[in-house]
Structures are given as structure tokens and as C-alpha cells.
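A look at the structure
The primary structure of each chain is shown beneath.
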Amino acid sequence: MTGEPSSTPVASGQSYQERPPAPALRELVSSAWVQQVGRDAAPYVHRRIPNGSFELVCRVGATPQVIGPLTEPLVEVLQPGTTIVGVRFVPGAFPVSAGQPASEVVGLALDAGQLWGRSAGALGEAVGTAASPREALAAVQLHVHALARAGEPPDPLVSEVVRGLMPWRTVDVTSLRASLHISETQLRRRCRTAVGLAPKVLHRMLRFQGFLALVQQAIAQGHGATVDGLGLLALRAGYADQSHLTRECVRLTGVPPRVFIAETRRACACGHDHSASFAPVLGAEAEPRPGGA
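Numbering of residues starts from 1 in each chain and follows the order in which that chain's sequence is written. Side-chain atom pairs in this predicted model are given and counted only at pLDDT of 80 or more, local residue features only at pLDDT of at least 70, and totals for whole chains, interfaces and linings cover all residues. Based on all heavy atoms of the structure, the side-chain values leave hydrogens and waters out of the count.

1. Overview of the overall build of the protein
Note the following rule: Secondary structure elements follow DSSP: runs of H or I no shorter than four residues count as helices, runs of E no shorter than two count as strands, and numbering proceeds from the N terminus. When we talk radius of gyration, it's over C-alpha atoms, and the globule rule is simply 2.2 Å times the number of residues to the 0.38. When accessible area is computed with a 1.4 Å probe and restricted to protein chains, residues below 20% of their type maximum are described as buried, those above 50% as exposed, and intermediate ones as partly exposed. Any two residues whose heavy atoms approach within 4.5 Å are treated as being in contact. The Shrake-Rupley method, run with a 1.4 Å probe, gives the accessible areas here. Residue values count only the displayed protein chains as cover.
Check the secondary structure of the protein and you find 12 helices and 9 strands. By the compact-globule yardstick of 19 Å for 293 residues, the protein fits well, its C-alpha radius of gyration being 19 Å. Viewed in the frame of its principal axes, the protein has a C-alpha envelope of about 55 × 45 × 30 Å. The buried share of the protein, taken over its 293 residues, is 49%. For the protein, long-range pairs separated by at least 24 residues make up 73% of all intrachain contacts whose partners lie at least 6 apart in sequence. Within the structure as shown, the protein displays about 13,300 Å² of accessible surface, and the carbon and sulfur contribution to it stands at 53%.

Here it is as C-alpha cells:
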């Protein structure tokens, strides 16, 4: 079980590469990634934004951490020489590996040992002694696979809810709930247990992921006019207008869209590959919407 090879950044640069997870994990994990800051690079400011997911984050030489799902942006500074590998869970899938409700760890960054005890220490050692980032990422995925095999499967109703709330698949939670024939109270309870968030909160985060996917695709294709078409991007991503997008961007990233896009472009132009995340999201844009919307 391996991730794909990750090239080491030049000594003065930094990189971030996402890849699809190992086939055995594709119902639980949306992407696996490697992030590196060159030994002679400047410290790198990394902005994590709420996306409805948990991440297992393993910094080489440090204790593995479990992060999220975040409810506000988390800004951290990565020092030169840093290598981090990790996986992002599909919303609702984390309790399969954690054995506890997602609601208990919302918005937290935890030492993984608090969840998995000695096996988390063994994972940290495996990552620290791996011969390459690829091998370190394989160790992380093996750890998740072993935990998942011992756990219960994801709540099928919540999995259906998450699929329905992905960008471009529904316009509101109420219509989705009605199609699933479940009460608002039950839906909220089951989502909080499995995802850690209420359905409407998750919907807002996933809609912003659609906007982010459009931005990342434009950057990957070398388009430089992303900022100039904010109004059109907002409508395309499902926002009522540009002001609606601005409010949500500030809420989820801490900065307005123009600043966020400029930051994203600067970072991604230096060796970032987010295609494993944005390609599946954008694939839903072409699908027919319920009711022909």
C-alpha cells in the first residue's frame, strides 16, 4: 500500500503533492499528501481551512497529530527542512478509525496517542525512519487501513448525506433530508456523531471546497485572471452573489477572496499539486442537478 513518488523540493523551495489514496482506503480517505519545505527555504506560512474533514498529520521527527474538523482557519509556520505526510478522511469516515464520535474532537489538534495509544507511537517511528516520503506515506495508509479493519463501517445514511452535500449536488439541506425520509433532529444527531458538524455547517464548507477547486484548477492550467472574475466564480460555485462568497471566504479562511486567491496562487505556483482533491469535486459540476436545477 503506497502513495505515489514525491519529489524532494529544491533546497530553497517548498512543495505540496496530493495523490489519491490506496485503493483499499478510497471509501474512507479522499487524498494522501506530502508537504516539504527545503532546507534553505524561508519558513512557510501554511493556512489550513475548514473542509468538513479530519486529517492525520505526521511530521517527520514529531508525534503524529489528528486535526479537525476545523471550525475556523488554522495558520501554522513550517520551518526549513520540514517534511509532513498525511491523509484527509472523507467526511463521516473518521469514527471508523477513531472508535469515538467525531463531535468529541471538533476543532482540535490532538496527539494521535490520545486516540490510538502505543500504535500512534509506532506510526511516528515508522514515518521517522522511512527511507523516503513515499514510504512514510505508505506507513500512514497502512496504519489507517489496520484501524479501519478493526472498526465499524461508516454510517450509510451519513455517507449518503455527504455525497448529497458535495458541491453542485444539492442547493439546500432541507430537500436532501426530505429525499432521505429522516427527521431534522435525527439527521443533525447522526451527522454530529459521524462528521462532527451539523449538516448546514458541512454544506457551507463543502460549497467553499467547490470554489477552491475552481481556483486550483485555474492555477494548475496557468490561468492568471481568476481574481478578475470573482462574481462569475461565485455564481458558478453556488453562491447567491459575490458578497455571499466574500462573507463565507472570510468566515472560513480569515481573509477576503482576493487575498485568499493571491495567497493560493503564490503558494501553488511554487510546486503544489492539488489535483487529487479538485478533480473529483469538479467532476460533479457537469452532473445533472436534482430537479433539473
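From this point, things continue past the structure.
2. Points about the pattern of salt bridges
Oppositely charged side chains can form a pair if their charged atoms are brought close together. Condition: Any Lys or Arg side-chain nitrogen located within 4 Å of an Asp or Glu carboxyl oxygen qualifies as a salt bridge.
Applying the stated criterion across every chain yields a total of 9 salt bridges. The salt bridge involving Glu263 is made with Arg47; its shortest N-O contact spans 3.0 Å. Pair noted here: Glu263 is in helix 11 (residues 257-268) and Arg47 is in strand 3 (residues 44-48), with a separation of 216 residues, a long-range link. Its relative accessible area of 24% is what places Glu263 among the partly exposed residues. Note on Arg47: relative accessible area 25%, which makes it partly exposed. Arg251 is the partner of Glu248 in a salt bridge, and the nearest nitrogen-oxygen pair spans 2.9 Å. Here Glu248 pairs with Arg251, and both are found in helix 10 (residues 242-253), just 3 residues apart, close to one helical turn. Overall, Glu248 belongs to the buried group, its relative accessible area being 2%. For Arg251, a relative accessible area of 45% gives the class partly exposed. Among the charged side chains, a network of salt bridges with common partners joins Arg48, Glu55, Glu76 and Arg88.

3. What to know about the packing of aromatic side chains
Describing an aromatic ring pair means giving the distance of the ring centres and the angle of the ring planes. We count it as follows: Centres within 6.5 Å make a pair out of two Phe, Tyr or Trp rings, where for Trp the six-membered ring is used; the pair is then stacked when the planes are under 30 degrees apart, edge-to-face when over 60, and tilted otherwise.
Tallied over the entire structure, the rule returns 6 aromatic pairs. Residues Phe54 and Phe94 carry aromatic rings whose centres are separated by 4.1 Å and whose planes lie at 10° to one another, so their mutual orientation is stacked. With Phe54 in the loop between strand 3 and strand 4 (55-59) and Phe94 in helix 1 (residues 94-98), this residue pair connects regions lying 40 residues apart in the sequence. In this structure, Phe54 and Phe94 share a single accessibility class: buried. Aromatic side chains Phe208 and Phe260 sit 5.7 Å apart centroid to centroid with 55° between the ring planes, which places their arrangement in the tilted category.

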